[in-house]
Amino acid sequence: MAETAEQATPAPPIARCGFVALIGAPNVGKSTLLNALVGAKISIVSPKVQTTRALIRGIAIEGEAQLIFVDTPGIFAPRRRLDRAMVGSAWGSTQDADLVALLIDAHKGIKDDDEAILNKQGEIRAAKVLVLNKVDLVDKPKLLNLTQALNERAAFAATFMVSARSGDGVADLKSFFAAHMPAGPWLYPADQISDAPLRQLAAEITREKLYLRLHQELPYQSTVETDVWKDLKDGSVRIEQTIYVERESQRKIVLGKGGQTIKAIGAAARTDIAAAIEQPVHLFLFVKVREGWGDDPERYREMGLEFPKE
Ligand SMILES: Nc1nc2c(ncn2[C@@H]2O[C@H](COP(=O)(O)OP(=O)(O)OP(=O)(O)O)[C@@H](O)[C@H]2O)c(=O)[nH]1
Ligand SMILES: [Mg+2]
C-alpha cells in the first residue's frame, strides 16, 4: 500500500485521472462495489446499515486512467450528531467528484432514503451514473421497470446493472469510469490502492468484526481506535486498540461470558489485519465505557469526520 510508493511505475504520457464518488442509501453495497472496483478489501462491509462512517478512498488503474473511488457513508435521515456528520461527508464527496455513481439496491427497489436522495440529484454538478446493484437477487423484467422509473427522476449519463458481490458487470462499469475521467496527471503512484493510514485500516477491520459478531443495536454505539502500533524486532507488530462503548452494559456484551466475545473478535481481526499488512500481528483489545462519545469532537477527528455543531 502506501509504503510501496517508491517503486511506482510512471504515469503514461496521455494520462487521465479523476474522482468517482459512490453514493446511495445505507446497505446498498457501496463498500462492496469499491472493493470490487479496486480488487482488494479497502472498505469494511457488513449486513447492517450504517457500516461506513467516513470517506474511504480506493485507487485503481484502468488503461491510462487512474480512478480514485470514494466510498461514502449511506445517506439517510439523520437523527444523532454522528449521523449528521456521516451524511454530511457523503454529500460533500459529490462536490469534489468528476463523476457521481448513485447506487440503488435493485432487490429492495426505491425506498424512502432513495427517494430523498433522488430529490437532491439536481444539486449535483458532476455527471451522474445510475448503478443498480445486487442484480443477482432480481429477475430481468423488474430491472427494466426500475431502470425506467429511476431515469425519469434524474438525468443519468448511463445506467449499469451490477452485482458487486459476484463482480458481474463491474468491469464494464470500470471501463466507463476510465473513459470519462478528465485528462491530467495521476495523483498517486501506480501501485497504491488506498490512502488510509494503516492504523485506521486496522481499526476499521476490528470494527467490522465487532459488527459481524454483535447483531443488536450495539454497533452504532461503539467505535474503535488504534492506540499503539509498535514494530517489533522479529518483524511482527504489536497493535493495541480500544473499543469505545457508551454504557457498562454494552461493555459486558462486547466482552462476553468469560471474555469469549472479545476473544473471538480479536482473533478474527488479527487474522485480517495481518493479511492486510503482510506482517504477523499481536493484537490487544481493550473495551472502555465513554459516555456520550458521539458528542466528543476528538472521536470525530479520529474517524476523519467533521464535528457538526449540533
Ligand atoms: N446479494 C448481494 N449482496 C450484496 C451485493 N453487494 C453488497 N451486498 C451485501 O449487502 C450488504 C451491505 O453491503 P455494504 O457494501 O456494506 O453496503 P454499503 O452501501 O457500503 O452500506 P453502508 O456503509 O452501511 O452505507 C452486505 O451484506 C453485502 O455483502 C450484491 O451485489 N449482491
Ligand atoms: Mg459502506
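Residues numbered from 1 in each chain as written. Chains lettered and ligands numbered in written order. Predicted model: local features only at pLDDT ≥ 70, side-chain atom pairs only at ≥ 80, totals over all residues. Heavy atoms only, no water.

Caption draft 1: Seen up close, the coordination of the magnesium ion (ligand 2). Of the protein atoms, only S31 (OG) and T52 (OG1) coordinate the magnesium ion (ligand 2), at distances of 2.0 to 2.1 Å. With a gap of 21 residues between them, S31 in helix α1 (residues 30–38) and T52 in the loop between α1 and β2 (56–62) connect regions that are remote in the sequence. The same class applies to S31 as to T52, namely buried. (Donors = N, O, S within 2.8 Å, 3.2 Å for Na, K, Ca; no water. Helix = DSSP H or I, 4+ residues; strand = E, 2+ residues; numbered from the N terminus. Buried < 20%, exposed > 50% of the residue type's maximum accessible area, 1.4 Å probe, protein only.)

Caption draft 2: Examining the environment of L143 more closely. Relative to the elements of secondary structure, L143 occurs in helix α4 (residues 140–151). A relative accessible area of 4% means that L143 is categorised as buried. Along the sequence, L143 and L132 sit 11 residues apart, while their C-alpha atoms lie 8.1 Å from each other. Once you skip the residues sitting within four places of it in the chain, L143 turns out to touch A106, L132, V135, V138 and M161. (Contact = heavy atoms within 4.5 Å.)

Caption draft 3: Here's a closer look at the nonpolar core. Among the nonpolar cores identified, the biggest contains 63 residues, and I23, L33, F69 and F177 are the most heavily contacted of them. The contact partners of L33, leaving out residues within four places of it in the chain, are L22, L103, V131, V162, A164, V170 and L173. Core analysis: the next-biggest nonpolar cluster, separate from the first, contains 24 residues, A202, I205, L210 and L218 among them. (Core = buried A, V, L, I, M, F, W, Y, C linked by side-chain atoms within 4.5 Å.)

Caption draft 4: Structural view of the sheet that holds β2. The strand order β2-β3-β1-β4-β5-β6 describes an open sheet built from 6 strands, whose pairing is mixed. If you trace the sheet from one side to the other, it starts and ends with β2 and β6 (158–161), each paired once. For this sheet the average axis-to-axis angle between neighbouring strands, irrespective of direction, equals 25°. Pairing between strand β1 (residues 16–24) and strand β3 (residues 65–71): 7 bridges, direction parallel. Its bridge partner lying in β3, R16 is registered against A65. (Pairing = 2+ DSSP bridges. Axes fitted to C-alpha atoms, helices over the stretch in contact; angles between N-to-C directions.)

Caption draft 5: Spotlight on unusual backbone geometry. For K134, which is not a glycine, the phi torsion comes out positive at approximately 65°. Checked against the element boundaries, K134 lands in the loop between β5 (127–133) and α4. Positioned with a positive phi, E278 is a non-glycine residue whose angle comes to about 55°. Tracing the backbone through its elements, the reader meets E278 in the loop between α8 (260–277) and β9 (281–289).

Caption draft 6: Summary view of the site of ligand 1. Around ligand 1, the structure places 23 residues, and the nearest of them are K30, T32, Q50, T51 and D136. Contacts to ligand 1 include V28, whose backbone N or O atom sits 3.2 Å from an oxygen atom. In the environment of ligand 1, an oxygen atom lies 2.8 Å from a nitrogen or oxygen atom belonging to the side chain of T52. Summarising the interface, the protein chains cover 94% of the accessible area of ligand 1, which totals 660 Å² for the free molecule. Broken down by element, the residue count for the shell around ligand 1 peaks at 3 residues, all from α1. Within the shell around ligand 1, the residues separate by chemical class into 7 nonpolar, 11 polar and 5 charged. (Near = heavy atom within 4 Å. Polar contact = N/O pair within 3.5 Å; in protein donor to acceptor, adjacent residues only side chain to side chain. Areas by Shrake-Rupley, 256 points an atom, 1.4 Å probe, with all protein chains shown as cover. Nonpolar A, V, L, I, M, F, W, Y, C, P; charged D, E, K, R; others polar.)

Caption draft 7: Structural context of α1. With respect to burial, α1 is a largely interior element, 7 of its 9 residues being buried. Turning to α1, its buried residues are K30, S31, L33, L34, N35, L37 and V38. Buried residues along α1 sit against β1, β2, β3, β4 (99–105), β5 and α5 (170–179). At the exit of α1 stands G39, carrying a positive phi of roughly 80°.

Caption draft 8: Summary view of the side chain of E204. Relative to the elements of secondary structure, E204 occurs in helix α6 (residues 198–213). Beyond its immediate stretch of four places on either side in the chain, E204 contacts I44 and I56.

Caption draft 9: Here's a closer look at the packing of aromatic side chains. As enumerated under the stated definition, the model contains 4 aromatic pairs in all. The cationic tip of K120 hangs over the ring face of W91; the distance from NZ or CZ to the ring centre is 4.5 Å. Sitting above the plane of the Y244 ring, R299 keeps its charged end 4.8 Å from the centroid. (Phe/Tyr/Trp six-rings, centres within 6.5 Å; stacked < 30°, edge-to-face > 60°. Lys NZ or Arg CZ within 6 Å of the ring centre and 35° of its normal.)

Caption draft 10: Seen up close, the sheet that holds strand β8 (residues 237–245). A sheet is described by the order of its strands in space; here 3 strands give the open sequence β7-β8-β9, paired in mixed fashion. With one partner strand each, in any of the chains shown, β7 (223–231) and β9 form the two edges of the open sheet. On average, each strand axis in the sheet is tilted by 20° relative to the strand beside it, whichever way the strands run. Examined bridge by bridge, β8 and β9 share 9 bridges and lie parallel to one another. Directly across from Q241, in β9, lies its bridge partner L285. Relative to the sheet, α6 contacts β7, β8 and β9, its axis offset from that of β7 by approximately 135°.

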